[in-house]
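Observations on chain architecture
Take a look at the letters that make up each chain.
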Amino acid sequence: MLRGKGSGIPFFDEMIGQGSDVRSPYREYHEWFDREDAARIQRKAQQAEAFFRTTGITFNVYGQDEADERLIPFDVVPRIISASEWRRLSRGIEQRVRALNAFLHDIYHRQEILRAGRVPTELISRNEAFLPMMMGMDPPGGVYTHISGIDIVRTGANEFYVLEDNARTPSGVSYMLENRETMLQMFPELFAKISVHEVSDYPLNLLKSLSACAPPKCNGTPTVAVLTPGIHNSAYFEHSFLADQMGAELVEGHDLRVVDGRVAMRTTQGYTPIDVLYRRVDDDFLDPLNFRPESMLGVPGIWDVYRAGGITIANAPGTGIADDKALYSYMPDIIEFYTGEKALLPNVPTWRCSEPDHLKEVLERLPELVVKEVHGSGGYGMLVGPAASKKEIAAFRAKLEANPRGYIAQPTLSLSTVPIFTKAGLAPRHVDLRPFVLMSPQGLTITPGGLTRVAMSKGSLVVNSSQGGGTKDTWVLED
Amino acid sequence: MLGKTAGSLYWMARYLERSENNARLIDAGFRIALTRSSTAAAEWRSVLVTAGQNYAFKQTQQDYNSQRVVDFMLRDPSNPSSILSVVKQARDNARTARTYLTREVWEAVNTSWMTLGALLKRQVREDDLPDVLAAIRQQSALVRGAFSGTMLRNDGYNFARIGTFLERADNTARILDVKYYLLLPSVAHIGSSIDNVQWETILRSVSAHRAYHWLYGTEISALKIAEFLILYKQMPRSLAFCCEQMNDNLRLLERTYGQETDAIRMGASMCNERLSRPIASIFDGGLHEFITDFLRANAALAQQFERDYRFVE
């Protein structure tokens, strides 16, 4: 039923490997699937779409009519990870997140890693994501990356790579939770048959984790609030979802002001202080007095309150320096420097176009590489060599030559596939995985699985939702 | 609770109530237009005035053609008070207050936005209009049902309820404001019955023509209709009923917050001073003056309410 070849690149399918035998994590699911009526699954898939619509699990595409709210396509076939695969992944993720946090602390304090010459100084000092105002600051609890998302790709039975770290405000966790909820509603019998790790305790863990990072001026139970740019933001659904699930207030900049040295929200009875602000706005917009003066999204003076220990900002300002793509290629060194261990999860080999010999090689091999903007995100502004036309490659070559510093290049990975459900049966599509990690002084919590993003069109390697990618429920099997 | 959230709940409820009221006005206007083509234009004009949309309508249109008025009130993008845009605003407010709504309420509001969006995508044909208006009333009933069945009876609930009844009182008072001349005592005094179709329209605009007959039998009098719409507490769209509900909810807020605000005092005086007298005394003081004064007091209460509970800074 499944054919092995899709895009011309040989790839590993997580359900059937490279051959035709179903791999063990998928065995029970596959047996169930074979006995199911395809028309019934089709019907369920349509119900799922209606469910997403009425629930309002939509996102706004920037630059489009605001009335145009889109659904992220949801596929009903789960992505399944075995208990042993997950153990290995989670150890690597934990190591990586601890290193990122240690790196941030170091960069904003003594900068030992620069002194040791393991990371070039100009990569920090000239980087827009570096926030000099954070120098010498100690965020409450010593935590910088309260919430992070580590993007992982797979290329073989035992080959996993970290594609990218997200240490600013990683999104997608609401989809992880709603996808599971949807699967539970559609196919309850599957969960009775197969033991899958729960994900539903994420919001509670998030609340606990944020509360454990309360600032020195907090009295009693910490008040947590989620800061959103508002209902027209593309991720508004997620912001309101998380606030709702945590029982926290969902605030916008204009609900907040500094009162008596605290950041306070305007309630029906006056101003009440907030202890922990889970902000879903970028650093630049946090405080118009200290950053962008024209910003209406933030709170004038919040920076001074932060410095004085009056509020916890999650994630801490300035964490962007850790997930900058220019620094990505140094991650193996960074991990080794702070943990004394080799990285458990390898990086994708990366050419830094800022280095002349790297640039030369990249230009020669452009049709086979993936080239990314150092500061880009969301899959915009990147070149996927094998999928691009000659014209596109030529145009990109010109951009690259004009500004080599702005780009990195990587080999085109043969990303693993997981089947999606189509009218013609199961069909392999490329996937990646974003596990979500919470950090507090009490430790790390990694939700088993994470968000699986899937390129819905045949052969495509781009999984971003802004580019038509979809999502799947991700199962980590219990032992 | 955030002031902004309280405001969003209040406005969500007001917009939902408004869409339902406007659907009812269209329904009443449509009946007259069908049965009495000679007075149709005048009737449509009064419907638009009642709905506060006459000015906007005249900006783009010359005459009161049924098809155009209906389209304008249902879905014209240039009309900020069309049912389509009012429902959109209700939904935007619901999204803003999402964390204070139950899943059921949010889904009902969202579904009604999607359903009406699909129904009103194209101009509605005259013979489809009754179905479309029925669908609007139905959606509104679903939201109301979810709201009453699932919401916690806390301050958020009170803010939304106050929004509903301020809007409804405003609507009923506007109907009376536009049609008061039909109810003037001179007509009643000389014993001539008022125009049958006209009074029926008034009652239909508040979905109460049956209820009226239940109460008063076949007797049709201006005094009785005015009493029914203004003072009759068992009628869910009468001014007295709306005021009483508003006051109950204001008192609950007072108890929750332990504070008597100006809005609470204004609400009490609306009930006690304006509506605690017999209908004859209202007519003696002048029906039109009474309605004008009520509309002003209702609007002032709304403004004070927004200030007292810090909807905006």
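Residues numbered from 1 in each chain as written. Chains lettered and ligands numbered in written order. Predicted model: local features only at pLDDT ≥ 70, side-chain atom pairs only at ≥ 80, totals over all residues. Heavy atoms only, no water.

1. Side note on the overall build of chain A
Across its full length, chain A carries 14 helices and 22 strands. By the compact-globule yardstick of 23 Å for 479 residues, chain A fits well, its C-alpha radius of gyration being 23 Å. On the principal axes, the C-alpha backbone points of chain A span a range of 65 × 55 × 45 Å. Sequence separation of at least 24 residues holds for 69% of the intrachain contacts in chain A that already meet a minimum separation of 6. Carbon and sulfur atoms form 49% of the exposed surface of chain A, whose accessible area is close to 19200 Å². The centroid of the 50 positive side-chain charges in chain A is displaced by 4 Å from the centroid of its 60 negative side-chain charges. (Helix = DSSP H or I, 4+ residues; strand = E, 2+ residues; numbered from the N terminus. Rg over C-alpha atoms; globule rule 2.2 N^0.38 Å. Contact = heavy atoms within 4.5 Å. Areas by Shrake-Rupley, 256 points an atom, 1.4 Å probe, with all protein chains shown as cover. Lys, Arg positive; Asp, Glu negative; His and termini not counted. Charge placed at Lys NZ, Arg CZ, Asp CG, Glu CD.)

2. With respect to the overall build of chain B
Scanning chain B from terminus to terminus reveals 16 helices and zero strands. Rg of the C-alpha trace for chain B: 19 Å, near the compact-globule value of 20 Å for 313 residues, within the 12% margin. Projected onto its principal axes, the C-alpha positions of chain B cover 55 × 50 × 35 Å. The 313 residues of chain B split such that 57% are buried. Carbon and sulfur atoms make up 51% of the accessible area of chain B, which totals about 13300 Å². (Buried < 20%, exposed > 50% of the residue type's maximum accessible area, 1.4 Å probe, protein only.)

3. Quick word on the pairing of strand β20 (residues 443-446) of chain A
All names here are of chain A. Here strand β19 (residues 436-440) runs beside β20; their pairing, made up of four bridges, is antiparallel. Looking across to β20, one finds that L438 is bridged to T445. Between β19 and β20, which pair antiparallel and follow one another directly, the connecting turn spans two residues. (Pairing = 2+ DSSP bridges.)

4. Some details on the nonpolar core
I26(B), W44(B), L74(B), I83(B), F159(B), I230(B) and F305(B) are the most contacted members of the largest nonpolar core, which totals 102 residues. Here the element with the most residues in this core is helix α1 (residues 3-35) of chain B; it accounts for twelve residues. Among residues more than four places away in sequence, those in contact with L74(B) are I26(B), S82(B), I83(B), L84(B), L120(B), V124(B), L129(B), L133(B) and I136(B). A99(A), C213(A), M265(A) and V305(A) belong to the second-largest nonpolar core, a separate cluster that totals 64 residues. (Core = buried A, V, L, I, M, F, W, Y, C linked by side-chain atoms within 4.5 Å.)

5. Here's the deal with the confidence of the model for chain A
With 95% of its residues at a pLDDT of 70 or more, chain A shows a mean pLDDT of 91. Scored below 50 in pLDDT, residues 1-7 of chain A makes 18 contacts in the model with residues more than four places away or belonging to other chains. (pLDDT = per-residue confidence, 0-100.)

6. Brief notes about the sheet that holds strand β11 (residues 276-279) of chain A
Strand pairing in a sheet is mediated by backbone hydrogen bonds. Such pairs are either parallel or antiparallel. Residues and elements named next belong to chain A. In space, the four strands of this open sheet follow the order β7-β6-β11-β12, with parallel pairing throughout. Each end of this open sheet is capped by a strand with a single partner; those strands are β7 (249-251) and β12 (312-314). For this sheet, the mean inter-axis angle between neighbouring strands, taken without regard to orientation, is 25°. The pairing of β11 with β12 spans three bridges and is classified as parallel. If you follow Y278 over to β12, its bridge partner there is A314. (Axes fitted to C-alpha atoms, helices over the stretch in contact; angles between N-to-C directions.)

7. Observations regarding the sheet that holds strand β15 (residues 383-384) of chain A
All names here are of chain A. The four strands lie next to each other as β13-β16-β14-β15, forming an open sheet whose pairing is antiparallel. The open sheet has two edge strands, β13 (351-352) and β15, and neither has a second partner. Here strand β14 (residues 369-373) pairs with strand β16 (residues 407-411) via five bridges, running antiparallel. Within the sheet, the bridge partner assigned to V370 lies in β16 and is Q410.

8. Quick word on the interface of chain A and chain B
Opposite the 28 residues of chain A that make contact, chain B presents 28 residues. When residues of chain A are sorted by the area they lose upon contact with chain B, T54(A), R266(A) and T268(A) head the list and together hold 27% of the total. Applying the counting criterion to the chain A and chain B interface returns four salt bridges. Notably, a salt bridge pairs E252(A) with K4(B), separated by 3.3 Å at the nearest N-O pair. Our enumeration of links across chain A and chain B arrives at 16 residue pairs in polar contact (both at pLDDT 80 or more). The set of elements that each furnish at least two residues to the side of chain A that touches chain B consists of α2 (38-55), α9 (236-246), β7, β9 (262-267) and β10 (270-273) of chain A. Element by element, the count of residues in the side of chain A that touches chain B is highest for α9(A), at five residues. (Buried area = accessible area lost by both parts, 1.4 Å probe. Salt bridge = Lys/Arg side-chain N within 4 Å of Asp/Glu carboxyl O. Polar contact = N/O pair within 3.5 Å; in protein donor to acceptor, adjacent residues only side chain to side chain.)

9. A short note on the packing of aromatic side chains
Aromatic ring pairs are reported here in terms of the distance separating the ring centres and the angle at which the planes meet. For the structure shown, the criterion picks out 34 aromatic pairs over all chains. Pairing Y216(B) with F228(B) gives two aromatic rings, centres 6.0 Å apart and planes at 90°, and the pair type is edge-to-face. Pair noted here: Y216(B) is in helix α11 (residues 209-216) and F228(B) is in helix α12 (residues 222-230), with a separation of twelve residues, a long-range link. Take F228(B): its relative accessible area is 0%, and that puts it in the buried class. Cluster of aromatic residues (ring-pair linked, three or more members): Y10(B), W11(B), Y15(B), F159(B), Y257(B), F305(B), Y309(B) and F311(B). One residue, R352(A), lies across the ring of Y330(A), its end atom 3.7 Å from the ring centre. Positioned above the aromatic ring of W113(B) is the side chain of R91(B), whose terminal nitrogen or guanidinium carbon lies 3.8 Å from the ring centre. (Phe/Tyr/Trp six-rings, centres within 6.5 Å; stacked < 30°, edge-to-face > 60°. Lys NZ or Arg CZ within 6 Å of the ring centre and 35° of its normal.)

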